Amino acid sequence: MAEDRLTPEQEARRLYEEAETRVAKAAERVVSRDSFGELLAMATENVVAVTRISFDALDLVWSNLRLAGRRDITRLTRQLGRTEDKLEHVLQEVERLRDEVERQNGAPASATRAAKADGAKPTAAGSATRRRSQRSSAP
Amino acid sequence: MNALERIARSPIAALEFANIVLTERDAQIAVTPKDVVWTHRTTTLYRYRSANRTYAVPVLLVFALINRPDIFDLRAGHSFVEFLLDEGYDVFLLDWGVPDEADADLGLEHYVCDEIPSALREVRRVSGQEEATLLGWCIGGTLSLLHCALQPGTTVRNLVLLTTPIDTTASLYTSWVARDSFDVDRVAEVYGSVPGRTVDWANKLMKPVSNYWTTYRRLWLQVLDGDARPDAYQAMAKWVADNPPFPGRAYREWITWMYKENRLVRGRMRLRERRADLSAVEQNLLVVTAGADHIAPRQGTLPVLDLVGSADVTHLDRPGGHIGLMAGSKARKEVWPDIAEWLDERSHA
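The numbers attached to residues start from 1 for each chain and follow its sequence in the written order. By the order in which they are written, chains take letters starting at A while ligands take numbers starting at 1. Where totals are concerned, whole chains, interfaces and linings use all residues; where local detail is concerned, this predicted model gives features only for residues with pLDDT of at least 70, and gives and counts side-chain atom pairs only at 80 or more.

J.: Explanation requested: the overall build of chain A in the structure shown.
T.: Assigned secondary structure in chain A consists of 5 helices and 1 strand. When its helices and strands are written in sequence order, chain A yields α-α-α-α-α-β. In this scheme every C-beta is placed from the backbone, and a residue whose C-beta has 20 or more other C-beta atoms within 10 Å is buried, one with 12 or fewer is exposed, and one in between is partly exposed. Looking at chain A as a whole, 2% of its 139 residues are labelled buried. A run of H or I in DSSP counts as a helix once it spans at least four residues, and a run of E counts as a strand once it spans at least two, with each numbered from the N terminus.

J.: Before we go on, may I ask you to explain the overall build of chain B in this structure?
T.: In terms of regular secondary structure, chain B is built from 16 helices and 12 strands. A radius of gyration in this sense is built from C-alpha atoms; the matching globule rule multiplies 2.2 Å by the number of residues raised to 0.38. In summary, chain B has a C-alpha radius of gyration of 21 Å against a globular reference of 20 Å for 349 residues, a match within 12%. For the C-alpha atoms alone, the extent of chain B along its principal axes is close to 70 × 55 × 35 Å. Within the span of chain B, comprising 349 residues, buried residues form 50% of the whole. Expressed as a percentage of contacts within chain B between residues at least 6 apart in sequence, the contacts between residues at least 24 apart total 81%. Placing C-beta atoms from the backbone, we regard two residues as in contact once those atoms come within 7 Å.

J.: How do you make sense of the confidence of the model for chain A when you look at a structure like this?
T.: With 73% of its residues at a pLDDT of at least 70, chain A reaches an overall mean of 78. pLDDT is defined as a per-residue confidence score from the predictor, taking values between 0 and 100. The low-confidence segment residues 114-139 of chain A, where pLDDT is below 50, has 27 contacts with residues more than four positions distant or belonging to other chains.

J.: Could you clarify how one ought to interpret unusual backbone geometry in this entry?
T.: Where the residue is not glycine, phi is negative for most of them; where a peptide bond is considered, it is trans in most cases. Residue and element names in this part refer to chain B. A positive phi angle, close to 45°, is found at Asn262, a residue other than glycine. With respect to the element layout, Asn262 can be found in the loop between helix H10 (248-260) and helix H11 (263-266). Its identity is not glycine, yet Arg272 carries a phi of approximately 50°, on the positive side. Along the chain, Arg272 falls in the loop between strand E9 (270-271) and strand E10 (274-275).

J.: Even after reading the chapter, I still don't get the nonpolar core, so can you show me in this structure?
T.: Here is a general trend for soluble globular proteins: nonpolar side chains tend to be buried in one another's company. All names here are of chain B. Under the definition applied here, buried Ala, Val, Leu, Ile, Met, Phe, Trp, Tyr and Cys residues are grouped into a nonpolar core through C-beta atoms within 7 Å. Judged by nonpolar contacts, the single largest core of 108 residues is most densely connected at Leu60, Leu61 and Val91. Per-element accounting of this core gives the leading share, 8 residues, to helix H3 (residues 108-127). When neighbours within four sequence positions are excluded, Val91 is seen to be in contact with Tyr48, Val59, Leu61, Val81, Leu84 and Leu85.

J.: What am I meant to see in the confidence of the model for chain B here?
T.: Low-pLDDT portions of the prediction should not be read for the details of their coordinates. Taken residue by residue, chain B gives an average pLDDT of 94. The fraction at 70 or more is 100%. Predicted complex metrics record ipTM = 0.79 and pTM = 0.87.

Here it is, written out as structure tokens:
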């Protein structure tokens, strides 16, 4: 019986954890209330508005200094992204055509692919170069 | 240890506690060796190195657009990737990268209609196998499901969905963001890409005491009792704190279509002029839900079981939270073997 009895410290810890659990549940009830959602939406709107004003003011200062600003860099990066999209489409089309040629020449595409996966020398340079250039060890 | 000893140990424990918290960014996570197979914009497809590939069908892992996919390979000895490699699978990982403001124009269609099909195509080319298993976690599961719904001729043989939001009616997020006063368009427009910290803050706010207090209090007690496991704590803390931005357009579409309009279960989700018809999903399907998941509650995932057209549907319900289900200390014994067993029967040539 004596062994089952909690020490004062253990008892204090138990009581504290019990209280913490209750507070946690109460907090979860609070955040799930409709009014909390409304409060959150309003707070978000205010933060977004302040951020927008700050961004606009900074951009104005920057552009008056005739320096490339956030928007200019974003525009350029987007252009690069679009170019990469187009390149990817071209590469996929080239690979599709190469597979088709390989199939017509009698070599099953899957067999060729499997050979490449095992490290065999690739037959077409384009795709292999692409992969080699991207291959790097991680981490 | 009695109370006096505990008090005497407090200064040392305080130093140790501070050291664990302050050096969490130095934790080694995602260390399993892997190679880059393909890249496009911010997306990278990796293949993990292995000399033990015994199953014919490779596995492609897809994570959410929030947080990083490192959770699949958290730390040595507690890595789902390591587990799959040991089992004999050829494992690929689709990493969405870290988008910035320039990627604000990337919508859900970019991920579903461009990146996943391209990644599957590369998996096919590199592995030499015609079919693959697509394993999606959280939003990654929804994206994977959308891919299968939109491309009935896809090379996906098996689809695994882990804690995936499908029907958002009962979600706490819905009560926060589905209201008219939450102007998602303005948020996306101003930020371009929504800061990851904001999304993380919202996630933590769902269980404020647990996330902002209990986690640290438990660590303190473990340090004080001398049984803290700094590597386990730091690995998880580092992953939790790594929050890439959410591309603005994808964020707007995700919030509007999934939470404000609940389009997926209503059969009204359209990407690139095509309707995502879940009855067109015919892959072998495994759905894993977590009993204590507050981010994608179980009842919000279960409707998928009735909506898909698959003949082979399995549902596993396990205790745990949204992340703890797969990355918790019990996952290795209680969840991963069940997934491996399911895959085993469906991964032969």
